[in-house]
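These are the residues of each chain, in order.
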Amino acid sequence: MNLLVTGGAGFIGSNFVRYMLEKYSNYKVVNYDLLTYAGNLENLKDVENHPNYTFVKGNINNRELVDYLVKTHEIDVIINFAAESHVDRSITDPDIFVKTNVLGTQALLDVAKANNIKKYVQISTDEVYGTLGETGYFTEQTPLAPNSPYSASKAGGDLLVRVYHETYGLNANITRCSNNYGPYHFPEKLIPLMITNALEGKELPIYGDGQNIRDWLHVKDHCAAIDLVIHKGRPGEVYNIGGHNERTNNEIVYLIVEKLGVSKDLIKYVADRPGHDRRYAIDPTKIMTELGWKPQYTFETGILETIQWYIDNQEWWKNIKSGEYMNYYQKQYGDR
Ligand code: NAD
Ligand code: TDX
């Protein structure tokens, strides 16, 4: 099988590229990524010379280039991870979120349709469902009710994927996963920000009262679920992905403080995020019963492994935090 992975230089995409190359010795993977601030080829340093791996720099909005790649690499499946992914950035600059997450998705769908692609998988998020109260779970039937420019743009992309299935018969799936954690997570997001700030002795900013709840899943468990959807997902279906690991932000930050042995005085309660969703929690019954998915990691072991990864890979995140790697890749690839 030949896969086009868009956004494969980001956090989840790079873990997925590695997962597929390791698991399937006869699959070819083309990683197509614009290398925005969040894209980093250091995430895939260990596979850059793998015979089944090709990297191409480009924008998902560039239909001509994506079309050329689909044809020349005889692509069977497109898996779209490419997105602007940070909620806080979407609040200050929504435009790029619409351009990438809505229009970029439509451009990919057009190319998939024109080439009669065998399968298109859209990597979406539980945030499209909005927020939960103290009880209940998101199922695939929960109405879309996004509360941030980020989640609205992801919901817009999802609706277009639905339409290309319903109207044009494209064999498409949408996956909606809860919050991921694990190696190569960009240090603007809660868990890597708190670990790296704690290691640097910097403040640990908690928004609002810190009682917002996220449902955490190890990135490798997410990759395994996507693998199942590619091979066994029924055309047009949505699959929610989550492992029943609800934690308040306070619990997460206190755990990191405790495991790293730093002072609680680093914790600082700051102004809340506007439109801050209170609670996310996934009901994963459908993917578990239909596709046989089951998470392998418990949060307790996964978070310890992740903390250790950040201790062992300080150069990786220090380059990002200093902006060093962006200068490097700008020199390497220019503005193409
Ligand atoms: P990320 O920000 O780490 O990576 C995004 C990647 O997309 C980067 O490599 C970036 O360079 C690339 N990209 C951005 N704009 C592009 C464009 N126009 N053309 C080509 N490439 C472009 O994000 P992530 O956390 O790895 O998330 C990947 C996907 O999974 C996103 O679609 C996100 O919405 C979804 N998701 C993320 C989580 C999570 O917890 N991180 C949870 C559920 C779903
Ligand atoms: O400094 C912080 N302090 C803080 O309290 C940051 C960065 C976050 N938070 C809070 C906000 C959220 O309640 O922590 C929680 C997690 O925040 P993020 O890491 O920004 O993730 P979230 O907003 O939940 O979105 C993530 O999960 C779903 C990803 O970034 C999305 O791409 C994905 O779709």
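Residues numbered from 1 in each chain as written. Chains lettered and ligands numbered in written order. Predicted model: local features only at pLDDT ≥ 70, side-chain atom pairs only at ≥ 80, totals over all residues. Heavy atoms only, no water.

A. Spotlight on the site of ligand 1. Ile12, Asp33, Ser85, Tyr150 and Lys154 are the nearest of the 28 residues found near ligand 1. Phe81 places a polar main-chain atom, nitrogen or oxygen, 3.2 Å from an oxygen atom of ligand 1. Look at ligand 1: alone it shows 840 Å² of surface, and the protein chains cover 96% of it. When residues of the shell around ligand 1 are traced back to their parent elements, those giving at least two are α1 (11-23), β5 (119-125) and α5 (149-166). Examining the composition of the shell around ligand 1, we find that three residues originate from one element, β5, more than from any other. Considering only residue class, the shell around ligand 1 consists of 13 nonpolar, 13 polar and two charged. (Near = heavy atom within 4 Å. Polar contact = N/O pair within 3.5 Å; in protein donor to acceptor, adjacent residues only side chain to side chain. Areas by Shrake-Rupley, 256 points an atom, 1.4 Å probe, with all protein chains shown as cover. Helix = DSSP H or I, 4+ residues; strand = E, 2+ residues; numbered from the N terminus. Nonpolar A, V, L, I, M, F, W, Y, C, P; charged D, E, K, R; others polar.)

B. Quick peek at the pattern of salt bridges. Using the criterion set out here, one finds 20 salt bridges in the structure. Put simply, Asp67 and Lys71 hold a salt bridge, and the shortest N to O gap is 2.8 Å. One end of the pair is Asp67 and the other is Lys71, both in helix α2 (residues 63-72) and four residues apart, which spans about a single turn. The partly exposed category is assigned to Lys71, whose relative accessible area is 48%. Between Asp209 and Arg278 there is a salt bridge, with its nearest N and O atoms 2.9 Å apart. Pair noted here: Asp209 is in the loop between β8 (204-207) and β9 (213-215) and Arg278 is in the loop between β13 (267-270) and α9 (285-291), with a separation of 69 residues, a long-range link. Take Arg278: its relative accessible area is 37%, and that puts it in the partly exposed class. (Salt bridge = Lys/Arg side-chain N within 4 Å of Asp/Glu carboxyl O. Buried < 20%, exposed > 50% of the residue type's maximum accessible area, 1.4 Å probe, protein only.)

C. Structural context of empty space enclosed by the protein. One pass over the structure, following the stated rule, counts one cavity of 30 Å³ or more. When its volume is computed, the largest cavity comes out at roughly 50 Å³. Forming the walls of the largest cavity are Val87, Glu127, Asn147, Ser148, Arg214, Arg273, Pro274, Gly275, His276, Asp277 and Tyr280. Its residues placed into classes, the lining of the largest cavity shows three nonpolar, four polar and four charged. (1 Å grid on protein atoms, 1.4 Å probe; cavity = no way out; pocket = protein on both sides within 12 Å on 5 of 7 lines; lining within 4 Å. Points joined across faces, edges and corners; volume = space filled by probe spheres on them.)

D. Representation of the side chain of Arg18. On the secondary structure map, Arg18 appears in helix α1. A distance of 2.5 Å separates the side chain of Arg18 from the backbone oxygen of Asn43, its partner in a polar contact. In this structure Arg18 touches Asn43, Leu44, Asp46 and Tyr184, once residues within four positions along its chain are discounted. (Contact = heavy atoms within 4.5 Å.)

E. Region of the structure containing the site of ligand 2. Around ligand 2, the structure places 21 residues, and the nearest of them are Thr125, Glu127, Tyr150, Arg273 and His276. Within the side chain of Glu127, a nitrogen or oxygen atom sits 2.5 Å from an oxygen atom of ligand 2. In the complex, the protein chains occlude 93% of the 660 Å² of accessible area that ligand 2 would expose alone. When residues of the shell around ligand 2 are traced back to their parent elements, those giving at least two are α6 (190-199) and β8. By residue class, the composition of the shell around ligand 2 is nine nonpolar, seven polar and five charged.

Note that all results are geometric; they support no functional claim without further evidence.
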